[in-house]
Amino acid sequence: MAKALVIGNWKMNLDYVEAVHLTQQVAALLASRPAERVDVALAPPFVDLRSVTSVLEAERSLVTVAAQHVSDRDNGAFTGEVSVAMLKRLGITWVIVGHSERRTMYHMDDASVADTLKAVLRGGLNAVLCVGEDLATREAENHESFVNHQLVSALSGVEEFAERVTVAYEPIWAIGTGVTATTGQVDAMMAAMRLQLASLGFSSSRVLYGGSVNADNAAEIVTEAGVDGFLVGGASLKAESFGAIIHACDDCYAERR
Ligand code: 13P
(Lines give C-alpha, C1' and ligand atoms only; values in the text may rest on other atoms or scores of the structure.)
Protein backbone atom coordinates (compact mmCIF):
# COMPACT_ATOMS: atom_id res chain seq x y z
CA MET A 1 0.00 0.00 0.00
CA ALA A 2 1.39 3.39 -0.98
CA LYS A 3 1.46 5.68 2.01
CA ALA A 4 1.63 9.43 2.29
CA LEU A 5 4.33 11.04 4.44
CA VAL A 6 3.65 14.01 6.72
CA ILE A 7 6.55 15.56 8.62
CA GLY A 8 6.18 18.31 11.21
CA ASN A 9 9.19 20.63 11.06
CA TRP A 10 9.13 22.47 14.39
CA LYS A 11 12.09 24.65 13.35
CA MET A 12 13.51 26.55 16.39
CA ASN A 13 10.33 26.25 18.46
CA LEU A 14 9.43 24.34 21.63
CA ASP A 15 11.87 23.55 24.46
CA TYR A 16 12.08 19.96 25.65
CA VAL A 17 9.22 20.30 28.12
CA GLU A 18 6.94 21.73 25.44
CA ALA A 19 8.21 19.09 23.01
CA VAL A 20 7.23 16.27 25.38
CA HIS A 21 3.77 17.77 25.73
CA LEU A 22 3.13 18.13 21.99
CA THR A 23 4.55 14.66 21.26
CA GLN A 24 2.17 13.13 23.81
CA GLN A 25 -0.73 15.00 22.23
CA VAL A 26 0.15 13.86 18.70
CA ALA A 27 0.62 10.25 19.86
CA ALA A 28 -2.72 10.30 21.70
CA LEU A 29 -4.51 11.83 18.73
CA LEU A 30 -3.19 9.13 16.37
CA ALA A 31 -3.96 6.39 18.90
CA SER A 32 -7.58 7.51 19.09
CA ARG A 33 -7.90 8.02 15.34
CA PRO A 34 -5.21 6.07 13.48
CA ALA A 35 -4.05 7.21 10.04
CA GLU A 36 -3.02 3.91 8.50
CA ARG A 37 -2.21 5.34 5.11
CA VAL A 38 0.19 7.99 6.40
CA ASP A 39 3.73 7.78 7.73
CA VAL A 40 4.11 10.53 10.31
CA ALA A 41 7.34 12.08 11.56
CA LEU A 42 8.24 14.91 13.94
CA ALA A 43 11.32 17.07 13.40
CA PRO A 44 12.11 18.85 16.67
CA PRO A 45 15.22 20.89 17.51
CA PHE A 46 18.34 18.80 18.40
CA VAL A 47 17.96 19.33 22.14
CA ASP A 48 14.45 17.81 22.09
CA LEU A 49 15.28 14.70 20.08
CA ARG A 50 15.98 12.39 23.01
CA SER A 51 12.83 13.42 24.87
CA VAL A 52 10.65 13.04 21.79
CA THR A 53 11.98 9.55 20.93
CA SER A 54 11.50 8.49 24.58
CA VAL A 55 7.87 9.62 24.63
CA LEU A 56 7.12 7.86 21.33
CA GLU A 57 8.76 4.67 22.58
CA ALA A 58 6.82 4.77 25.83
CA GLU A 59 3.57 5.33 23.92
CA ARG A 60 4.48 2.54 21.44
CA SER A 61 3.71 5.05 18.73
CA LEU A 62 4.49 4.47 15.05
CA VAL A 63 5.43 8.14 14.67
CA THR A 64 9.11 8.48 13.72
CA VAL A 65 11.58 11.28 14.35
CA ALA A 66 13.58 13.49 12.01
CA ALA A 67 16.48 15.85 12.65
CA GLN A 68 16.32 19.25 10.98
CA HIS A 69 19.96 19.26 9.91
CA VAL A 70 23.23 17.37 10.43
CA SER A 71 26.94 17.79 9.84
CA ASP A 72 28.49 16.30 6.71
CA ARG A 73 31.52 15.23 8.81
CA ASP A 74 31.87 12.01 10.81
CA ASN A 75 33.40 13.43 14.01
CA GLY A 76 36.14 15.74 15.25
CA ALA A 77 36.79 19.41 15.91
CA PHE A 78 33.57 20.90 14.54
CA THR A 79 32.21 22.98 17.41
CA GLY A 80 28.45 23.16 17.50
CA GLU A 81 27.89 20.36 15.01
CA VAL A 82 26.06 17.03 15.37
CA SER A 83 26.95 13.87 13.40
CA VAL A 84 24.83 11.28 11.59
CA ALA A 85 26.13 8.54 13.94
CA MET A 86 24.93 10.55 16.95
CA LEU A 87 21.45 10.81 15.44
CA LYS A 88 21.40 7.13 14.57
CA ARG A 89 22.25 6.22 18.14
CA LEU A 90 19.20 8.21 19.27
CA GLY A 91 16.87 6.23 17.03
CA ILE A 92 16.34 9.01 14.53
CA THR A 93 14.90 7.86 11.18
CA TRP A 94 15.10 10.91 8.92
CA VAL A 95 17.24 13.98 8.37
CA ILE A 96 15.98 17.08 6.59
CA VAL A 97 18.75 18.19 4.22
CA GLY A 98 19.12 21.60 2.62
CA HIS A 99 16.06 23.34 4.03
CA SER A 100 15.84 26.79 2.44
CA GLU A 101 16.39 28.39 5.85
CA ARG A 102 19.74 26.56 6.08
CA ARG A 103 20.56 27.49 2.49
CA THR A 104 19.72 31.17 2.77
CA MET A 105 20.54 32.03 6.40
CA TYR A 106 23.45 29.67 7.07
CA HIS A 107 25.15 29.75 3.69
CA MET A 108 24.51 26.13 2.78
CA ASP A 109 25.40 25.96 -0.91
CA ASP A 110 24.61 23.18 -3.39
CA ALA A 111 27.95 21.46 -2.73
CA SER A 112 27.38 21.37 1.00
CA VAL A 113 23.81 20.10 0.50
CA ALA A 114 25.20 17.29 -1.69
CA ASP A 115 27.89 16.42 0.90
CA THR A 116 25.35 16.38 3.71
CA LEU A 117 22.96 14.20 1.72
CA LYS A 118 25.80 11.74 1.05
CA ALA A 119 26.71 11.64 4.75
CA VAL A 120 23.10 10.93 5.73
CA LEU A 121 22.59 8.17 3.16
CA ARG A 122 25.98 6.51 3.67
CA GLY A 123 25.32 6.64 7.41
CA GLY A 124 22.15 4.60 6.94
CA LEU A 125 19.46 7.23 7.61
CA ASN A 126 16.66 8.46 5.35
CA ALA A 127 16.94 11.90 3.82
CA VAL A 128 14.34 14.54 3.06
CA LEU A 129 16.00 16.75 0.46
CA CYS A 130 14.45 20.23 0.29
CA VAL A 131 14.34 22.22 -2.91
CA GLY A 132 12.45 25.32 -4.00
CA GLU A 133 12.81 28.67 -5.69
CA ASP A 134 12.53 32.22 -4.39
CA LEU A 135 9.96 34.73 -5.62
CA ALA A 136 12.24 36.41 -8.17
CA THR A 137 13.04 33.06 -9.77
CA ARG A 138 9.32 32.18 -9.92
CA GLU A 139 8.44 35.57 -11.42
CA ALA A 140 11.14 35.14 -14.05
CA GLU A 141 9.58 31.73 -14.80
CA ASN A 142 12.85 29.96 -14.10
CA HIS A 143 11.46 27.89 -11.25
CA GLU A 144 11.47 24.52 -13.02
CA SER A 145 15.03 24.77 -14.27
CA PHE A 146 16.17 26.10 -10.89
CA VAL A 147 14.63 23.17 -9.00
CA ASN A 148 15.85 20.68 -11.59
CA HIS A 149 19.36 22.00 -11.10
CA GLN A 150 19.04 21.62 -7.31
CA LEU A 151 17.92 18.00 -7.80
CA VAL A 152 20.77 17.13 -10.18
CA SER A 153 23.33 18.77 -7.95
CA ALA A 154 22.19 16.97 -4.79
CA LEU A 155 21.27 13.57 -6.16
CA SER A 156 24.06 12.76 -8.61
CA GLY A 157 26.12 9.88 -7.24
CA VAL A 158 23.68 8.65 -4.60
CA GLU A 159 21.39 6.60 -6.87
CA GLU A 160 22.17 3.40 -4.95
CA PHE A 161 20.33 4.88 -1.96
CA ALA A 162 17.26 5.96 -3.94
CA GLU A 163 14.76 4.12 -1.77
CA ARG A 164 15.85 6.19 1.24
CA VAL A 165 15.40 9.55 -0.46
CA THR A 166 12.31 11.74 -0.15
CA VAL A 167 12.17 15.15 -1.81
CA ALA A 168 10.25 18.17 -0.50
CA TYR A 169 9.32 21.03 -2.82
CA GLU A 170 9.12 24.15 -0.69
CA PRO A 171 8.89 27.38 -2.67
CA ILE A 172 10.58 29.98 -0.47
CA TRP A 173 7.85 32.54 -1.15
CA ALA A 174 5.26 30.18 0.38
CA ILE A 175 7.15 29.36 3.58
CA GLY A 176 5.71 30.97 6.67
CA THR A 177 3.97 33.62 4.57
CA GLY A 178 0.41 32.30 4.52
CA VAL A 179 0.69 32.36 0.72
CA THR A 180 0.27 28.78 -0.44
CA ALA A 181 1.22 27.81 -3.98
CA THR A 182 -1.94 27.11 -5.98
CA THR A 183 -2.77 23.48 -6.63
CA GLY A 184 -2.01 24.15 -10.31
CA GLN A 185 1.45 25.50 -9.46
CA VAL A 186 2.19 22.58 -7.17
CA ASP A 187 0.86 20.03 -9.65
CA ALA A 188 2.97 21.43 -12.49
CA MET A 189 6.08 21.40 -10.34
CA MET A 190 5.38 17.85 -9.11
CA ALA A 191 5.16 16.67 -12.74
CA ALA A 192 8.41 18.42 -13.67
CA MET A 193 10.20 17.08 -10.61
CA ARG A 194 9.02 13.51 -11.13
CA LEU A 195 10.36 13.58 -14.68
CA GLN A 196 13.72 14.83 -13.48
CA LEU A 197 13.77 12.37 -10.57
CA ALA A 198 12.99 9.45 -12.90
CA SER A 199 15.83 10.44 -15.22
CA LEU A 200 18.18 10.51 -12.21
CA GLY A 201 17.08 7.05 -10.96
CA PHE A 202 14.74 8.23 -8.21
CA SER A 203 11.35 7.32 -9.62
CA SER A 204 10.34 5.64 -6.35
CA SER A 205 11.01 8.72 -4.19
CA ARG A 206 8.07 10.37 -2.50
CA VAL A 207 7.67 14.06 -3.33
CA LEU A 208 6.22 16.30 -0.64
CA TYR A 209 4.98 19.88 -0.72
CA GLY A 210 5.74 22.44 1.99
CA GLY A 211 4.80 26.10 2.39
CA SER A 212 1.89 27.41 4.48
CA VAL A 213 0.12 24.05 4.58
CA ASN A 214 -2.61 24.10 7.18
CA ALA A 215 -5.74 22.28 8.36
CA ASP A 216 -7.87 24.17 5.83
CA ASN A 217 -5.87 23.73 2.63
CA ALA A 218 -4.24 20.29 3.08
CA ALA A 219 -7.14 18.25 1.68
CA GLU A 220 -7.36 20.31 -1.50
CA ILE A 221 -3.61 20.18 -2.16
CA VAL A 222 -3.24 16.44 -1.54
CA THR A 223 -6.31 15.65 -3.64
CA GLU A 224 -5.64 17.98 -6.57
CA ALA A 225 -1.90 18.39 -6.78
CA GLY A 226 -0.58 14.81 -6.81
CA VAL A 227 1.72 15.23 -3.81
CA ASP A 228 2.86 12.30 -1.66
CA GLY A 229 2.48 14.26 1.56
CA PHE A 230 3.61 17.41 3.31
CA LEU A 231 6.46 19.04 5.15
CA VAL A 232 4.62 21.26 7.62
CA GLY A 233 6.05 24.17 9.61
CA GLY A 234 3.77 26.42 11.67
CA ALA A 235 0.71 24.16 11.57
CA SER A 236 2.72 21.27 13.07
CA LEU A 237 3.12 23.16 16.35
CA LYS A 238 -0.45 22.38 17.40
CA ALA A 239 -1.65 18.78 17.62
CA GLU A 240 -5.07 19.70 16.32
CA SER A 241 -3.96 21.31 13.04
CA PHE A 242 -1.16 18.77 12.50
CA GLY A 243 -3.67 15.96 13.08
CA ALA A 244 -6.11 17.50 10.60
CA ILE A 245 -3.39 17.57 7.91
CA ILE A 246 -2.49 13.93 8.59
CA HIS A 247 -6.13 12.87 8.40
CA ALA A 248 -6.68 14.85 5.18
CA CYS A 249 -3.91 12.72 3.62
CA ASP A 250 -5.31 9.52 5.10
CA ASP A 251 -8.79 10.26 3.69
CA CYS A 252 -7.37 11.10 0.28
CA TYR A 253 -5.29 7.90 0.14
CA ALA A 254 -8.33 5.84 1.23
CA GLU A 255 -10.20 7.13 -1.82
CA ARG A 256 -7.29 6.50 -4.20
CA ARG A 257 -7.48 2.74 -3.56
P1 13P B 1 5.32 26.77 7.04
O2 13P B 1 4.40 25.56 7.00
O3 13P B 1 5.33 27.43 8.37
O4 13P B 1 5.09 27.67 5.89
O5 13P B 1 6.82 26.16 6.86
C6 13P B 1 7.07 25.31 5.82
C7 13P B 1 8.43 24.74 6.02
O8 13P B 1 9.43 25.40 5.86
C9 13P B 1 8.53 23.33 6.46
O10 13P B 1 9.83 22.86 6.38
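No experiment lies behind these values; they were computed from the predicted model shown.

Engineer: A description of the pattern of salt bridges should follow, citing residues and the corresponding values.
Structural biologist: Once the charged atoms of two side chains with opposite charge are near each other, the side chains can pair. As enumerated under the stated definition, the model contains nine salt bridges in all. A salt bridge links Lys3 to Asp39, with the nearest nitrogen and oxygen atoms 3.4 Å apart. Here the residue Lys3 occupies a position in the segment before β1 (4-9), and Asp39 occupies one in strand β2 (residues 38-43), the gap between them amounting to 36 residues. With relative accessibility at 30%, the residue Lys3 sits in the partly exposed group. The class for Asp39 is partly exposed, based on a relative accessible area of 25%. Between Asp228 and Arg194 there is a salt bridge, and its shortest N-O distance comes to 3.0 Å. Placement of Asp228 in the loop between α9 (218-224) and β8 (229-232) and of Arg194 in helix α8 (residues 183-200) is noted, with a sequence separation of 34 residues between them. Accessibility expressed as a relative area gives 13% for Asp228, which makes it buried.

Engineer: Hey, could you go over the side chain of Thr183 for me, with residue numbers and the actual values?
Structural biologist: Within the element layout of this structure, Thr183 appears in helix α8. Residues in contact with Thr183, not counting those within four places in the same chain, are Glu220, Ile221, Glu224 and Ala225.

Engineer: Before we move on, could you go through the site of the ligand and cite the residues and values that matter?
Structural biologist: The immediate surroundings of the ligand are formed by Asn9, Lys11, His99, Glu170, Ala174, Ile175, Gly176, Gly211, Ser212, Leu231, Gly233 and Gly234. Within the side chain of His99, an N or O atom sits 2.8 Å from an oxygen atom of the ligand. In isolation the ligand has 310 Å² of accessible area, and contact with the protein removes 95% of it.

Engineer: Talk me through the pairing of β1; I want residue IDs and the actual numbers.
Structural biologist: With six of its six residues buried, β1 lies for the most part within the structure. The two faces of β1 match: Ala4, Val6 and Gly8 on one face and Leu5, Ile7 and Asn9 on the other face are all buried. As judged from the six bridges shared by β1 and β2, these two strands associate in the parallel manner. Bridge assignment links Asn9 to a residue of β2, and that residue is Ala43. Crossover handedness for the path β1 to helix α1 (residues 16-32) to β2: right-handed. Here β1 runs beside β8; their pairing, made up of four bridges, is parallel. The residue of β8 that forms the bridge with Ile7 is Leu231.

Criteria and thresholds
- Residues numbered from 1 in each chain as written.
- Predicted model: local features only at pLDDT ≥ 70, side-chain atom pairs only at ≥ 80, totals over all residues.
- Heavy atoms only, no water.
- Salt bridge = Lys/Arg side-chain N within 4 Å of Asp/Glu carboxyl O.
- Helix = DSSP H or I, 4+ residues; strand = E, 2+ residues; numbered from the N terminus.
- Buried < 20%, exposed > 50% of the residue type's maximum accessible area, 1.4 Å probe, protein only.
- Contact = heavy atoms within 4.5 Å.
- Near = heavy atom within 4 Å.
- Polar contact = N/O pair within 3.5 Å; in protein donor to acceptor, adjacent residues only side chain to side chain.
- Areas by Shrake-Rupley, 256 points an atom, 1.4 Å probe, with all protein chains shown as cover.
- Pairing = 2+ DSSP bridges.
- Right-handed = clockwise from strand over helix to strand, strands pointing away.

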